[in-house]
Amino acid sequence: MATKSLKKLGNDLAQSNKQIEILSNGIFKSGELPTFKDKISETSQFPIKAKKLEILQINVGYMCNQVCDHCHVDAGPDRKEIMTRDTMRQCLEVIKNSGAHTLDLTGGAPEMNPDFRWFVEEAAKVGITDFIVRSNLTIIRANKKYYDLPEFFKKHNVHVVSSMPHWTRGKTDKQRGDGVFDKSIKALQELNAVGYGMPGSDLKLDLVYNPSGAFLPGDQVAMEKDFKKALMDDFGIEFHNLFAITNLPIARFLDYLIASENYEDYMYSLVEAYNPAAVENVMCTNTLSISWDGYLFDCDFNQMLELPVNSKSRHISDFNEELLEGRNIVISQHCYGCTAGAGSSCQGVVA
Amino acid sequence: MSKPYYDAADLRKFGKITEWSEELGTKFFDYYGKVFEEGALTAREKSLIALAVAHTEQCPYCIDAYTKDTLQRGITKEQMMEAIHVGAAIKSGATLVHGVQMMNKVNKLDG
C-alpha cells in the first residue's frame with residue numbers, strides 16, 4: 001500500500017509529459033492499436049466538440065488523507081496544491097454567471113482545503129440545482145474537526161458522492177488502505193443517520209465503484225444491486241445510486257499497470273470495448289474542470305495530464321462561456337477509458 | 001527460443017476463426033453471446049459456472065477470460081475458489097464413481 005504520492009517519491013510518472021509519452025508511444029505508435037483520434041475518426045466523431053456547459057467541476061486541491069493505489073490525481077497528505085480563497089471567489093463569479101446547473105467539488109479530499117466550508121456556504125447561496133461534493137468518506141472519521149460534516153452537508157443540501165470500491169473489507173482496504181473499509185462504513189451510517197441516502201430522501205448519497213485492478217467495471221445496474229444487498233444485509237446501509245467508473249491509464253493507475261505488466265492488455269481491453277455511442281455523451285462535452293490554481297480543462301484527467309482547454313479562455317479569471325462552447329476537446333489515448341463499454345464519467349455510465 | 005503451444009495473446013485472435021469458416025464461426029459467436037446473456041440464470045451465475053468449467057476443461061484461455069469476467073462482476077476471490085472446488089469435486093467424483101464399475105468387475109471375475 002502506497003503512503004506517498006508519485007510526486008513525493010520523485011517517480012518519472014509524476015510528470016504529465018512522461019505519461020503522455022507512454023500513452024503516445026509503444027503499441028499506439030507502432031499501429032498495433034489505433035490511436036483514439038483514429039478510432040473516433042472511423043465513425044466521423046473527430047473532433048469531439050464541447051456542447052453547452054452543464055457541469056462545473058472544481059478541484060480544490062490535491063491534498064488527501066488517503067493514498068489510494070489507483071488515484072488519477074496522485075493525491076495524498078504530501079500534496080500541497082490547494083485552491084486559495086481568491087481563486088474560489090473567481091469561481092463563485094463564474095458559477096453565478098454561467099449556465100451550468102451542476103457544481104461538482106473534488107480533490108484530493110476537498111474537505112481538507114482550509115476554505116472548504118466557506119466556499120460551500122457561499123456556493124450554496126448561488127442556487128445551483130445540483131451541488132456535489134466528492135467525499136472519500138474516511139475524512140469524516142479522520143479527525144474530530146470533521147465529525148460534523150454530515151450535518152454540514154445536510155445544512156447546505158450538498159449531494160454527497162463517495163468512493164466505495166467494494167462491499168467487502170479485503171478488496172476495499174487493498175485499494176484504499178488498511179482500515180478504510182471500517183471507517184467508510186461508519187461514515188455511511190452517520191450519513192444515513194442524518195437522512196442521507198434514505199429511500200425518497202432529497203439528501204442524495206451516491207457511491208462510486210471503480211475496479212480494484214487491471215479490469216473494467218461490470219454492469220452498473222447489476223453492481224448497484226449487489227452493493228445495495230450487501231451493504232444493507234451486513235451493515236444496514238442505504239444509498240441512492242452507484243456510479244461504475246473505469247480507471248483511466250494515468251498517474252498512479254498507469255504506474256500500477258506498467259509495474260504489474262498489465263499496461264498493454266489493459267489498453268487492448270479498452271480499445272476492444274470501444275463504444276461509439278459513449279463518445280456521443282462523454283462528459284467533456286458538457287463539463288469543465290477547474291484546477292486548484294484556476295486553469296480550465298476538458299476534464300479532471302486532462303487536468304492531471306496538464307492538457308489545457310483548446311480555447312483562448314484558459315483561466316477562471318478570463319472565463320468566457322461563449323468562447324468555450326464548441327471548442328475542440330483535447331484527446332489522447334487515456335480517453336479510451338471514457339468510451340469503453342457503457343462508457344464512463346464522473347456520473348457513471350453514459351451509454 | 002521456446003515456442004509454447006499456448007500464447008495468451010492468441011485469445012484476442014479468437015474472433016478470427018470466422019475467417020476460415022464464416023457461417024459456422026458467426027453462428028458459434030452468436031450462440032456464445034446469447035448463452036451468456038441474462039436469462040433464467042443471471043449473467044453473474046453464468047460467469048461463475050464458466051469459470052468452474054474453464055478449469056475442469058483446463059482451457060488456459062477460458063481461465064484468463066473468466067477470471068477477468070468474474071472480477072469485473074465484483075465476484076470475490078473466495079467465491080471464485082469455491083466455484084473451482086465445485087468443478088474439482090465433480091471431476092474427482094466422476095473418477096471415483098467409476099470405482100463402482102471396478103468393484104463390479106472384480107466381484108464378477110474374482111468373486
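Definitions and cut-offs
Residues numbered from 1 in each chain as written. Chains lettered and ligands numbered in written order. Predicted model: local features only at pLDDT ≥ 70, side-chain atom pairs only at ≥ 80, totals over all residues. Helix = DSSP H or I, 4+ residues; strand = E, 2+ residues; numbered from the N terminus. Rg over C-alpha atoms; globule rule 2.2 N^0.38 Å. Contact = placed C-beta atoms within 7 Å. Buried ≥ 20, exposed ≤ 12 C-beta atoms within 10 Å, placed from the backbone. Pairing = 2+ DSSP bridges. Axes fitted to C-alpha atoms, helices over the stretch in contact; angles between N-to-C directions. Parallel < 35°, antiparallel > 145°, perpendicular 65-115°, else oblique. Nonpolar A, V, L, I, M, F, W, Y, C, P; charged D, E, K, R; others polar. Left-handed = near helix turned anticlockwise from the far one by under 90°. Core = buried A, V, L, I, M, F, W, Y, C linked by C-beta atoms within 7 Å. UniProt positions renumbered as here; feature names shortened; annotations may be inferred. Right-handed = clockwise from strand over helix to strand, strands pointing away. Expected span 1.5 Å × (residues − 1).

Caption draft 1: Layout of the overall build of chain B. Along its length, chain B carries five helices and zero strands. Taken against the 2.2 N^0.38 rule, which gives 13 Å for 111 residues, the C-alpha radius of gyration of chain B at 19 Å runs more than 25% over that of a compact globule. Along the first, second and third principal axes, the C-alpha atoms of chain B reach 60 × 35 × 35 Å. Contacts in chain B between residues far apart in sequence, at least 24 positions, make up 55% of those at least 6 positions apart.

Caption draft 2: Layout of the overall build of chain A. Along the backbone of chain A there are 15 helices and eight strands. Since a compact globule built from 351 residues should have a radius of gyration of about 20 Å, the 19 Å found for chain A is in line with a globular shape. For the C-alpha atoms alone, the extent of chain A along its principal axes is close to 55 × 45 × 40 Å. Across the 351 residues that make up chain A, the buried fraction comes to 51%. For chain A, long-range pairs separated by at least 24 residues make up 75% of all intrachain contacts whose partners lie at least 6 apart in sequence.

Caption draft 3: Inspection of the sheet that holds strand 6 (residues 242–244) of chain A at higher detail. Strand order in the open sheet made by the eight strands is 6-5-4-3-2-1-7-8 (chain A), with mixed pairing throughout. Either end of the sheet is taken by a strand with one partner, and the two such strands are strand 6 and strand 8 (296–297) of chain A.

Caption draft 4: Fine view of the packing of helix 8 (residues 169–176) of chain A against helix 9 (residues 180–193) of chain A. Residues and elements named next belong to chain A. At a minimum axis distance of 8 Å, the contact between helix 8 and helix 9 shows a crossing angle of 110 degrees. Comparing their axes, helix 9 and helix 8 come out roughly perpendicular. Residues R169, T172, D173 and R176 of helix 8 form the contact with helix 9, whose own contacting residues are V180, F181 and S184. Along the lines of polarity and charge, the residues of the contact of helix 8 with helix 9 split into two nonpolar, two polar and three charged.

Caption draft 5: Quick look at the packing of helix 2 (residues 43–56) of chain B against helix 4 (residues 77–97) of chain B. Residue and element names in this part refer to chain B. Contact pair helix 2 / helix 4: the axes reach a minimum separation of 8 Å and the direction vectors enclose 50 degrees. Judged by the angle between their axes, helix 2 and helix 4 are oblique. Between helix 2 and helix 4 lies a crossing of right-handed hand. Together, L48, L51, A52, V53, H55 and T56 of helix 2 and M80, A83, I84, V86, G87, I90 and K91 of helix 4 make up the contact between the two elements. Classifying every residue of the contact of helix 2 with helix 4 by side-chain character gives nine nonpolar, three polar and one charged.

Caption draft 6: A look at the environment of F46 of chain A. Mapped onto the fold, F46 of chain A is located in the loop between helix 3 (36–42) and strand 1 (55–59). Between the alpha carbons of F46 of chain A and V94 of chain A there is a distance of 29 Å; along the sequence they are 48 residues apart.

Caption draft 7: Examining helix 11 (residues 251–259) of chain A more closely. All names here are of chain A. Counting buried positions along helix 11 yields seven of nine residues, so the element is predominantly enclosed. Listing the buried residues of helix 11 in full gives A251, R252, F253, L254, D255, Y256 and L257. Elements that come into contact with the buried residues of helix 11 comprise helix 1 (6–9), helix 2 (16–24), helix 12 (263–272) and helix 14 (300–304). Positive backbone phi, at 55 degrees, marks E261, one or two positions downstream of helix 11.

Caption draft 8: Main features of the nonpolar core. All names here are of chain A. Within the largest apolar cluster, 115 residues are counted, with the highest numbers of intra-cluster contacts made by V160, Y209, I250 and A251. Residue contributions to this core peak at six residues, all from helix 9. Leave out the neighbours within four places in its chain, and V160 touches V133, S135, F153, L191, Y196, K204 and L205.

Caption draft 9: Seen up close, the UniProt feature "domain: Carboxymuconolactone decarboxylase-like" (unreviewed entry) in chain B. In the numbering used here, UniProt assigns the "domain: Carboxymuconolactone decarboxylase-like" (unreviewed entry) feature to residues 23–101 of chain B. For residues 23–101 of chain B, the helix share is 81%, the strand share is 0%, and the end-to-end C-alpha distance is 43 Å.

Caption draft 10: Spotlight on the interface of chain B and chain A. Facing nine residues of chain B, the contacting portion of chain A comprises 13 residues. Mapped by element, the contributors of at least two residues to the side of chain B that touches chain A are helix 2 and helix 3 (60–72) of chain B. Top element by residues in the side of chain B that touches chain A is helix 3 of chain B. It accounts for three residues. Tallied by class, the residues present in the side of chain B that touches chain A amount to two nonpolar, three polar and four charged.

Caption draft 11: How the structure looks around the pairing of strand 7 (residues 287–290) of chain A. Residues and elements named next belong to chain A. With burial as the criterion, each face of strand 7 is covered, one bearing T287 and S289 and the other bearing L288 and I290. One ladder, built from four bridges, connects strand 1 with strand 7; its direction is parallel. When the sheet's bridge partners are listed, I55 is paired in strand 7 with T287. The pairing of strand 7 with strand 8 spans two bridges and is antiparallel. Residue pairing in the sheet places S289 in a bridge with F297 of strand 8.

Caption draft 12: Up close: unusual backbone geometry. Residues and elements named next belong to chain A. F46 connects to P47 through a cis peptide bond whose omega is -5 degrees. Take P47: it is sitting in the loop between helix 3 and strand 1. A positive phi is found at D74, a non-glycine position, where the angle reads about 55 degrees. Checked against the element boundaries, D74 lands in the loop between strand 1 and helix 4 (85–97).

Caption draft 13: Molecular detail of the pairing of strand 5 (residues 205–209) of chain A. All names here are of chain A. Extensive coverage of strand 5 is indicated by the burial of four of its five residues. Where strand 5 and strand 6 come together, three bridges link them in parallel fashion. The residue bridging L207 from the neighbouring strand is L242, located in strand 6. Once the chain exits strand 5 it traverses helix 10 (residues 220–235) before rejoining the sheet at strand 6, and the crossover so formed is right-handed.

Caption draft 14: How the structure looks around helix 1 (residues 22–35) of chain B. With 14 residues, helix 1 of chain B ought to run about 20 Å at 1.5 Å a step, and its terminal C-alpha atoms sit 20 Å apart, in line with that. In terms of residue burial, helix 1 of chain B counts as a barely covered element, since only zero of its 14 residues are buried.

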